[in-house]
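# Results of the structural survey
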Amino acid sequence: MTPRWPRLAGIALGLGVAGIVLLILGNARIRAMSSGPILSEHDGHIRELVIQYIPEARDIVLPVYRDFLKWQDPDVTVDVVAPDRAAFDELAAAVGSIRCTLRPILVHHSMTSWSRDRWLALNPPPGGDSITLWSPRGEAASDLWPERAGDEQIGTDLSKELGHAVRAKRSSLFFDGGDFLADNDTVFVMPRVLNRNIQQTVKNSTELIAIFSRELQRRVVLLNEAPDHHAGMFMASVGDHVMLVGDPELGRKYFPPSPVEAKSLLPGGGDFSVETQHQFDAVAAQSEAAGYRVVRMPVVPAPDGRTFLTYVNSIIDEQDAKRVVYVPFYHGADSLNAAARKVWEDLGYTVRPVDCTSSYRYFGALHCLVNILRR
Amino acid sequence: MKAEHIKTICTTAAATAAIVLAGFWPAFLNGADDGNAVTPSIKTPKFVSGTVEFTVALPEGSSFKAGDEPAFDFVAVNTGDQPATAAVEAVMMSTTIPSRMSRSGASQAIVWHEPLTVSLGPHEAKTFAKETHAGLPGNSKVNFYLHSASEAFRSVRDVGVVSMVEFSTATDVQTRR
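This is a predicted model, so every value here is computed, not measured.

## Some details on the overall build of chain A
Counting secondary structure elements, chain A contains twelve helices and 18 strands. Taken against the 2.2 N^0.38 rule, which gives 21 Å for 375 residues, the C-alpha radius of gyration of chain A at 23 Å falls within 12% of a compact globule. When the backbone C-alpha atoms are referred to their principal axes, chain A occupies close to 105 × 45 × 45 Å.

## A closer look at the overall build of chain B
The number of helices and strands found in chain B is three helices and eight strands. Starting at the N terminus, the α and β elements of chain B follow one another as α-β-β-β-β-β-β-β-α-β-α. The burial tally for chain B puts 22% of its 177 residues in the buried class. For chain B, contacts bridging at least 24 residues in sequence account for 72% of all contacts bridging at least 6.

## Regarding the sheet that holds strand β4 (residues 84-96) of chain B
All names here are of chain B. The antiparallel open sheet is built from four strands, whose spatial order is β5-β4-β7-β8. On the outer flanks of this sheet lie β5 (109-120) and β8 (161-168), each paired with one strand and no other. Taken pair by pair, the neighbouring strands of this sheet meet at an average axis angle of 20 degrees, ignoring direction.

## Here's the deal with helix α5 (residues 154-162) of chain A
Residues and elements named next belong to chain A. Those residues of α5 lying buried are I154, G155, D157, L158, S159 and L162. The elements touched by buried residues of α5 are β1 (48-52), β2 (77-82), β3 (101-106), β5 (131-135), α4 (146-151) and β6 (166-170). Looking one or two residues past α5, G163 carries a phi angle of roughly 65 degrees, positive in sign.

## Brief notes about the environment of A:L223
All names here are of chain A. As for its position among the elements, L223 is in the loop between β9 (219-222) and β10 (235-237). Judged by the 21 C-beta atoms lying within 10 Å of it, L223 falls in the buried class. The spacing of L223 and G246 is 23 residues in sequence and 15 Å in space, taken between C-alpha atoms. When sequence neighbours within four positions are dropped, the list of residues in contact with L223 reads F188, V189, M190, P191, V283 and Q286.

## Section: the sheet that holds β2(A)
Residue and element names in this part refer to chain A. The strand order β3-β2-β1-β18 describes an open sheet built from four strands, whose pairing is mixed. Whereas interior strands pair on both sides, the edge strands pair on one side only; in this sheet they are β3 and β18 (370-374). Looking at each pair of strands side by side, their axes are set apart by 30 degrees on average, direction ignored. As paired strands, β1 and β2 are joined by five bridges and run parallel to one another. Opposite L49, over in β2, you have V78 as the bridge partner.

## Regarding unusual backbone geometry
Backbone geometry places A:F363, a non-glycine residue, at a positive phi of 75 degrees. Within the secondary structure layout, A:F363 lies in the loop between β17 (350-355) and α12 (366-369). Taking the C-beta count within 10 Å as the criterion, A:F363 has 26 such neighbours and is therefore assigned buried. The phi torsion at B:H123 lies on the positive side, around 60 degrees, for a residue other than glycine.

## Some points on the interface of chain A and chain B
Between chain A and chain B, the contact holds 51 residues from the first and 48 residues from the second. For the side of chain A that touches chain B, the elements supplying multiple residues, two or more each, are α1 (5-33), α4, β6, α6 (191-197) and α7 (205-216) of chain A. If one sorts the elements of the side of chain A that touches chain B by residue count, α1(A) sits on top with 14 residues. When the residues that make up the side of chain A that touches chain B are grouped by side-chain class, the tally is 27 nonpolar, 14 polar and ten charged.

## Looking at the nonpolar core
The biggest cluster of nonpolar side chains holds 121 residues, and the ones touching the most others in it are A:V187, A:M235, A:L309 and A:L366. In this structure A:L366 touches A:V64, A:F68, A:N313, A:S314, A:I315, A:Y326, A:P328, A:V354 and A:C356, once residues within four positions along its chain are discounted.

## Considering the packing of helix α2 (residues 58-69) of chain A against helix α3 (residues 85-95) of chain A
Each pair of packed helices can be summarised by the angle the axes make with each other and by the distance between the axes. All names here are of chain A. Axis separation between α2 and α3 bottoms out at 9 Å; the angle between their running directions is 60 degrees. The pairing of α2 with α3 is recorded here as oblique in orientation. Helix-helix and strand crossings are classified by hand; for α2 and α3 the assignment is right-handed. Counting all contacts with α2, which are made through L62, Y65, R66 and L69, the residues of α3 involved are L91, A94 and V95. Of the residues that constitute the contact of α2 with α3, the class distribution is six nonpolar, no polar and one charged.

## What to know about the environment of B:V118
All names here are of chain B. Summarising the element assignment, V118 is placed in strand β5. Residue classification places V118 among the partly exposed positions, given that 19 C-beta atoms sit within 10 Å. V118 sits 109 residues away from I9 along the chain, and the two C-alpha atoms are 74 Å apart. If we skip the residues at most four places from it in the chain, V118 touches V52, A76, T85, A86 and K126.

## Quick word on α7(A)
All names here are of chain A. For α7, with twelve residues, the first-to-last C-alpha span of 16 Å sits near the 16 Å given by 1.5 Å per residue. As for α7, its buried residues are in contact with β5, β8 (186-189), α6 and β9. Q217 sits one or two positions beyond α7 and adopts a positive phi of about 55 degrees.

## With respect to the environment of A:N204
Residue and element names in this part refer to chain A. Position of N204 relative to the elements: it lies in the loop between α6 and α7. Its 17 C-beta neighbours within 10 Å are what place N204 among the partly exposed residues. In this structure the C-alpha to C-alpha distance between N204 and T307, which are 103 residues apart in sequence, comes to 31 Å.

Each value, and the rule that gives it
Residues numbered from 1 in each chain as written. Chains lettered and ligands numbered in written order. Predicted model: local features only at pLDDT ≥ 70, side-chain atom pairs only at ≥ 80, totals over all residues. Helix = DSSP H or I, 4+ residues; strand = E, 2+ residues; numbered from the N terminus. Rg over C-alpha atoms; globule rule 2.2 N^0.38 Å. Buried ≥ 20, exposed ≤ 12 C-beta atoms within 10 Å, placed from the backbone. Contact = placed C-beta atoms within 7 Å. Pairing = 2+ DSSP bridges. Axes fitted to C-alpha atoms, helices over the stretch in contact; angles between N-to-C directions. Nonpolar A, V, L, I, M, F, W, Y, C, P; charged D, E, K, R; others polar. Core = buried A, V, L, I, M, F, W, Y, C linked by C-beta atoms within 7 Å. Parallel < 35°, antiparallel > 145°, perpendicular 65-115°, else oblique. Left-handed = near helix turned anticlockwise from the far one by under 90°. Expected span 1.5 Å × (residues − 1).

Below you can see the structure in the form of structure tokens.
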């Protein structure tokens, strides 16, 4: 008769081997699923960026893309998300001769041309090389806005196309990518993110902040008060703990005093009301409270609360030792353009102007159209 | 140790390892999706003012078009051991569906608002309907919010504004496709 001990020893050995295999697999999976902190808005040289293009928006976005892409170096890859090859070819022909590489990401579904709000880029974890694109739970009004329903898929589209280099992850929270402003130690979150999530996905702000702290791996500052718009319309972190914050009162100095001229630039002219000024000043005060030196930048919002002549809607790049900023400018607002340029130059930036005249009436400018995937 | 024993140990070990790995393997394969394990959605939003909790619903089967004047069903519950009074403001806001080319929707506009004060005994619940007497705009997304009308709570971020109900009067979704 065979004794029992060899079977018991075999079971123990089998459990041990299986445990070791599962441990190795588990660690590998955790490494594959993890990500680093949110990408900073101003640190490092831009290596890969994403724009979206649909032919219906050609008159709105092509002037912006032309101006911006002409500056990009040969080491920059531009992922062009487009519904089909014809759309991509149209964009490539329209931007003309450029030095950077355009890479088509053909998605075969409806979409908008606004890349910024689709996802947040999270750096690779230590020792890893995959960027994570963190997309919101859903897009606002996607049930009524078919293009937005398509936008919901773009993080996944990029991941599928770019393979191991990019991983897509969907959040349980509602947000737009433009509701965040991140640098190398802090991420500012707009109040509207709380309004969209409280009692919908989270019970309270503590829970919301805890999720953002865990996922974005930065100090989270949830603003209590701000203009009801995306962060990049009224604030920009520019390095060395300096925050640029829009100032309508400053903008007023350079805005045409003639009502006809004013209304030709903005629907209803400029909004210089006490209430609106207070919202911008509140952002400045909260930035100071978070440890930032605040520099004010001229801005002129319209009474609709959406159309802004803004100069913080910019893209910052480090090129060797040089700090470069791509800044919107608008035809018919020459004094404002010049005043804004001086603020950037006084901060030590080399300014490269980008014509956003065609896009701002659609509630966005350069920063709204271009999302940075890798620095 | 006999060769027979070694053979038994090896075959039993292989079988055990195979059974365990077969049992756990699917979990590892499925775990490769990109889901984010944060909290699930909250099905019924609550607005909390002190010990009073409000929930709001539309009458069952409601659908709306431009010009309709919706009514809402309220439930207020005092979860405390003392009588409580909650002063809130109900606000209905609309957002027109924007141009397809826009970055975002237009700013919200107030359609209707009204203060509401509810007094409840300890652990008492009240159910009541609220008519709005305000015609809805067409082709819009409509949110019904509650926010605190009490100074004591107004500045508390978590009871600031809660969207209780959301619906749409848009009729041209198909044509927009």
